[in-house]
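Topology and contacts: notes
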Protein chains: 2
Amino acid sequence: MSNITEIHLSDSRELFYFDDAPGKDRSAVDERGLPHVTSTSERRWDNLAGEWVVIAGHRQSRTFLPPTDQCPLCPTRDADHRTEIPAPDYDVVVFENRFPSLSVASTGESAVDGLFDTEPGNGRCEVVCFTSDHNGAFSQLPPERVRTVLDALSNRTEALGRIPGVEYVFAFENRGEEIGVTLSHPHGQIYAYPFVPPRMERTRQALRGYHEATGECLQCALLAAEQAAGARIVEKGTHFTAYVPFAARWPYEVMIVPHRHVPDLPALNEDELAELAELYPSVLRRFDGLFEQPAPYIAGWQQAPVRAGREQWHLALQVFSIRRAPGKLKYLAGSESGAAVWINDIAPEKAAAALRGEN
Amino acid sequence: MSNITEIHLSDSRELFYFDDAPGKDRSAVDERGLPHVTSTSERRWDNLAGEWVVIAGHRQSRTFLPPTDQCPLCPTRDADHRTEIPAPDYDVVVFENRFPSLSVASTGESAVDGLFDTEPGNGRCEVVCFTSDHNGAFSQLPPERVRTVLDALSNRTEALGRIPGVEYVFAFENRGEEIGVTLSHPHGQIYAYPFVPPRMERTRQALRGYHEATGECLQCALLAAEQAAGARIVEKGTHFTAYVPFAARWPYEVMIVPHRHVPDLPALNEDELAELAELYPSVLRRFDGLFEQPAPYIAGWQQAPVRAGREQWHLALQVFSIRRAPGKLKYLAGSESGAAVWINDIAPEKAAAALRGEN
């Protein structure tokens, strides 16, 4: 991709402009003179769960729902309102989070004694601005812009995977105050974790187990079975199918799965990216169409880990909403948060019908 | 325990009065003539996660924040306001949930084909009313009443564990509208699952692995290490210690662990129950004391499974709040809900100091 310009912000963080087309002036300088933010992030091993937990004590004071005229993700339109993006306009921008949960410069401790194991919270957290329009939405972007976002995510997936110690790159969007989004400007995030996240580790083991037993890919098999069953299909393309998973955890949940067995975003070809740039926002618009108000949702790319189990991995985009009815949210309470048993009150077949617009 | 009276509600559900002392008249009859509610609940196997998910489509229409004068958990004080509890007063009451996520009478399907495996949502969901006082709180109950609640949970743990197919009994309390509680009357719940919940299954494997490697109990070892470290201790008794776990996931999280290696509530002795009846609400009051408003919290009993790994299991009560600051909640967004990586913004040592009242 040729339309990338890299600059450094005043506190030395990296920022990348990804432009829909070449020829834009991206020479503006960040003149805020920001102090360098230190990350004390660390990860601690939860012995009883067998999982890492990230402790990021420095993040408590991060920016929280600022007024629109102080949005740090808008471009810098005048010298009195300098933002994270020095340019007066942009298409797509990616930069290091000023209050990262994970950082290669983390000063967190390393101590291993078998019961209380700590490592620095190494990794990287980036912010992805989808548009300079503060009131826009990913679902409303034209396909050319979605394509630029996908190119940016693909580019960053490769770049972050090359950082020593990074084992997984997770690109996602949180949308809606209902799920705690602190900045309303349309944006996503990328977390580069120093371990394979528990959710993806379980998927990795499931893919490996199925492959050992059958010689096939479990995601390919599930995709074929969903296409044959039909009841949970939401939208079908030439290269991707969107369906509500058979055992959906969330009231409205969709998996967008490429027909070709590919591990991650960088492996997608031109035809696939072109279709995805239309199908992805189309699925989001289906979520927004469910009730009278925009749907709070989380969209996350389940890509292959940087190293472990790449050949067996099959890319998928998971999109889910916590809204179960107008004015009603799905909360994670005792069963989900205490025991990790999800109770879903909406049958996946009904959810698919609603997302297809049938009721 | 001798002060138990069993009756049946008008739709044939079981209800148990647990009284602080004997001699109460519990002969009142449910005259509502309720129709029988059918459960279509099923559990579906999530192949990619290797976990069961419960699909309970019939629950969407359940009671949602009714006005106080229609609270179904208050006693039946007059014939115009008949509730779930026929008696005009009660101490502690346990009854089958009218809209259960799991039911032994579930009509859900059973179908196994390797990719789309379904079983009926067998099991049982019960409601535990802690007091007839609609505006009360578990944290404010006198020790005698907490003791009756503990006796009730213990009794139901044994009874539910005897139901064929039940593999785990999870007793918990959700408190606060912030976590989606639909009835504000002080109450808890008991879920009898037809499988060991994923969270407890991971703990079971961790306990087994540690025992195989060292011959010791991991929970005993963690407890001793926490007592030696001191920084995360919240409250220390003769028989129990309350501490913030080293790798806490939630802004404020406490484990209340018995010093004796016991598998579940029925295994506690008189001295332990007496201390727990004071220490448990004391810890809850510490949560309420953190900010200017009552803390939304989840409290869940991590008991041994009905069959698997009982000898190695060590009972613990987990209490956690999603409030991270006044007016600010911890939301589960992309990292937690999409990748199962918890990011905790409050260092466990600081949380423990705050819960001890030190800042």
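Cut-offs applied
Residues numbered from 1 in each chain as written. Chains lettered and ligands numbered in written order. Predicted model: local features only at pLDDT ≥ 70, side-chain atom pairs only at ≥ 80, totals over all residues. Heavy atoms only, no water. Pairing = 2+ DSSP bridges. Helix = DSSP H or I, 4+ residues; strand = E, 2+ residues; numbered from the N terminus. Axes fitted to C-alpha atoms, helices over the stretch in contact; angles between N-to-C directions. Contact = heavy atoms within 4.5 Å. Domains from an automatic or database assignment. Buried area = accessible area lost by both parts, 1.4 Å probe. Salt bridge = Lys/Arg side-chain N within 4 Å of Asp/Glu carboxyl O. Buried < 20%, exposed > 50% of the residue type's maximum accessible area, 1.4 Å probe, protein only. UniProt positions renumbered as here; feature names shortened; annotations may be inferred. Core = buried A, V, L, I, M, F, W, Y, C linked by side-chain atoms within 4.5 Å. Least-squares fit on C-alpha atoms with pLDDT ≥ 70 in both. Parallel < 35°, antiparallel > 145°, perpendicular 65-115°, else oblique. Nonpolar A, V, L, I, M, F, W, Y, C, P; charged D, E, K, R; others polar. Phe/Tyr/Trp six-rings, centres within 6.5 Å; stacked < 30°, edge-to-face > 60°. Lys NZ or Arg CZ within 6 Å of the ring centre and 35° of its normal.

So, on to the sheet that holds strand β5 (residues 92-96) of chain A. Backbone hydrogen bonds hold the strands of a sheet together, and the pairing may be parallel or antiparallel. Residue and element names in this part refer to chain A. Strand order in the open sheet made by the 11 strands is β1-β2-β5-β7-β9-β8-β13-β14-β12-β11-β10, with antiparallel pairing throughout. Edge positions in the open sheet fall to β1 (4-8) and β10 (233-236), since each of these has one partner strand only. Across the sheet, the axes of successive neighbouring strands diverge by a mean angle of 20°, strand direction being ignored. When β5 meets strand β7 (residues 124-129), the two strands line up antiparallel, connected through 4 bridges. If you follow V94 over to β7, its bridge partner there is V128. Together, β1, β2 (14-18), β5, β7, β8 (168-175), β9 (187-193) and β13 (297-302) form the strand contacts of helix α1 (residues 143-161), whose direction differs from that of β5 by roughly 25°.

Take the domain arrangement of chain A next. For interface size, the figure often reported is the accessible area lost on association. Residue and element names in this part refer to chain A. Domain assignment breaks chain A into domain 1 (4-26 + 41-195) and domain 2 (199-355). Measuring from the centre of the C-alpha atoms in domain 1 to the corresponding centre in domain 2 gives 23 Å. Listed as interface residues are 28 residues of domain 1 and, on the opposing side, 32 residues of domain 2. Both faces considered, domain 1 and domain 2 share a buried interface measuring about 2600 Å² in area, 57% of it formed by carbon and sulfur atoms. Contact with domain 2 buries area across many residues of domain 1, yet L150, Y168 and R175 alone supply 24% of it, more than any other trio. One can count 5 salt bridges joining domain 1 with domain 2.

Right, let's talk about the pairing of strand β11 (residues 240-243) of chain B for a bit. Residues and elements named next belong to chain B. Alternating residues of β11 divide into F240 and A242 and T241 and Y243, and every residue in both groups is buried. Inspection of the sheet shows strand β10 (residues 233-236) paired to β11 by 3 bridges, in the antiparallel sense. Note on β11: the bridge partner recorded for K236 is T241. Here β11 runs beside strand β12 (residues 252-258); their pairing, made up of 4 bridges, is antiparallel. By the bridge assignment for β12, A242 is matched with I256.

For the rest of this paragraph, the subject is the UniProt feature "domain: Galactose-1-phosphate uridyl transferase C-terminal" (unreviewed entry) in chain A. Per the UniProt record, the feature "domain: Galactose-1-phosphate uridyl transferase C-terminal" (unreviewed entry) sits at residues 208-326 of chain A. Secondary structure over residues 208-326 of chain A splits into 32% helix and 25% strand, and the C-alpha atoms at its two ends are 40 Å apart.

Ranked by internal contacts, the top residues of the largest apolar core, which has 100 residues, are Y193 of chain A together with Y193 of chain B. Y193 of chain A has contacts with L102, G165, V166, E167, Y168 and F170 of chain A together with S335, A339 and V341 of chain B, leaving out every residue within four places of it along the chain.

What follows concerns the relation of the copies chain A and chain B. In screw terms, the move from chain A to chain B is a rotation of 180° and a rise of 0.0 Å along the axis, fitting with an RMSD of 0.0 Å. Taken together, the rotation and translation relating the two chain copies correspond to the operation of a two-fold axis. The rotation axis passes nearest to the C-alpha of L332 of chain A in chain A, at a distance of 4.4 Å. When the interface residues of chain A are mapped onto chain B, 100% of them are again interface residues, pointing to one common binding face.

As a further point, take the environment of V146 of chain A. Residue and element names in this part refer to chain A. Tracing the backbone through its elements, the reader meets V146 in helix α1. Residue classification places V146 among the buried positions, given a relative accessible area of 0%. Linking V146 and P281, residues 135 residues apart in sequence, is a C-alpha distance of 8.0 Å. In this structure, V146 is in contact with F138, L141, A277 and P281, ignoring residues within four places of it in sequence.

Residue and element names in this part refer to chain B. An order of β1-β2-β5-β7-β9-β8-β13-β14-β12-β11-β10 is seen for the 11 strands of this open sheet, with the pairing classed as antiparallel. In this open sheet, the two strands that pair with only one neighbour each are β1 (4-8) and β10. Along the sheet, successive strands turn relative to each other by an average axial angle of 20°, direction set aside. Here helix α3 (residues 218-229) sits on the sheet in contact with β10, β11, β12 and β14 (316-321), set at roughly 70° to β11.

So, about the interface of chain A and chain B. Each side of the interface is counted separately: chain A has 78 residues, and chain B has 78 residues. Buried surface at the junction of chain A and chain B, both sides included, amounts to about 6700 Å², of which 61% is carbon and sulfur. Put simply, chain A and chain B have 8 salt bridges between them. A salt bridge links R249 of chain B to E51 of chain A; the shortest N-O distance between them is 2.5 Å. No other element matches helix α2 (residues 198-214) of chain A, which puts 8 residues into the side of chain A that touches chain B.

The subject of this paragraph is the packing of α2 of chain A against helix α3 (residues 218-229) of chain A. Relative placement of two packed helices is described by the angle separating their axes and the distance separating the axes. All names here are of chain A. Closest axis-to-axis distance for the α2/α3 pair is 8 Å, and the angle between their directions is 85°. Taken as axis vectors, α2 and α3 run roughly perpendicular relative to one another. Where α2 approaches α3, its residues A206, L207 and Y210 are matched on the opposing element by L218, Q219 and A221. Within the contact of α2 with α3, the residues separate by chemical class into 5 nonpolar, 1 polar and no charged.

Time to look at the pairing of strand β3 (residues 42-46) of chain A. Residue and element names in this part refer to chain A. The buried count for β3 comes to 4 of 5 residues, which makes it a mostly enclosed element. In the sheet, β3 pairs with strand β6 (residues 118-120) via 3 bridges, with the strands oriented antiparallel. From the neighbouring strand, R43 faces β6, where its bridge partner is E119. Relative to strand β4 (residues 51-55), β3 is paired through 5 bridges, and the arrangement is antiparallel. Looking at the pairing, R44 lines up with V53 of β4. Two successive antiparallel strands, β3 and β4, enclose a turn made up of 4 residues, where G50 displays a positive phi of approximately 70°.

One pass over the structure, following the stated rule, counts 28 aromatic pairs over all chains. Judged by centre distance (5.2 Å) and plane angle (70°), the rings of W45 of chain A and W52 of chain A are edge-to-face. The class of W52 of chain A is buried, set by a relative accessible area of 17%. Centroid distance Y191 of chain A to Y193 of chain A: 5.7 Å. Interplanar angle 65°. Geometry classified as edge-to-face. Of the two residues, Y191 of chain A and Y193 of chain A, both sit in the buried class. Geometry around W52 of chain A places R43 of chain A over its ring, the cationic atom sitting 4.4 Å from the centre. The cationic tip of R44 of chain B hangs over the ring face of F246 of chain A; the distance from NZ or CZ to the ring centre is 4.7 Å.

Okay, the pattern of salt bridges next. Pairs may arise between side chains of opposite charge once their charged atoms sit close together. Summed over the entire model, instances satisfying the criterion amount to 64 salt bridges over all chains. Salt bridges here are not isolated pairs; linked through shared partners, they connect D46, E51, R202 and R249 of chain A together with D46, E51, R202 and R249 of chain B.

Moving on, we get to helix α6 (residues 348-355) of chain B. Most of α6 of chain B sits out of view: 6 of its 8 residues are buried. Lining the buried residues of α6 of chain B we find β3 and β4 of chain A together with β10, β12 and α4 (270-288) of chain B. Just past α6 of chain B, the residue G357 of chain B takes up positive phi, approximately 90°.

This part covers helix α6 (residues 348-355) of chain A. Those residues of α6 of chain A lying buried are P348, A351, A352, A353, A354 and L355 of chain A. In the core, the buried residues of α6 of chain A are packed alongside β10, β12 (252-258) and α4 (270-288) of chain A together with β3 (42-46) and β4 (51-55) of chain B.

Okay, unusual backbone geometry next. Residues and elements named next belong to chain A. For S12, which is not a glycine, the phi torsion comes out positive at approximately 80°. Tracing the chain through its elements places S12 in the loop between β1 and β2. Judged by relative accessible area, S12 falls into the partly exposed class, the value being 45%.

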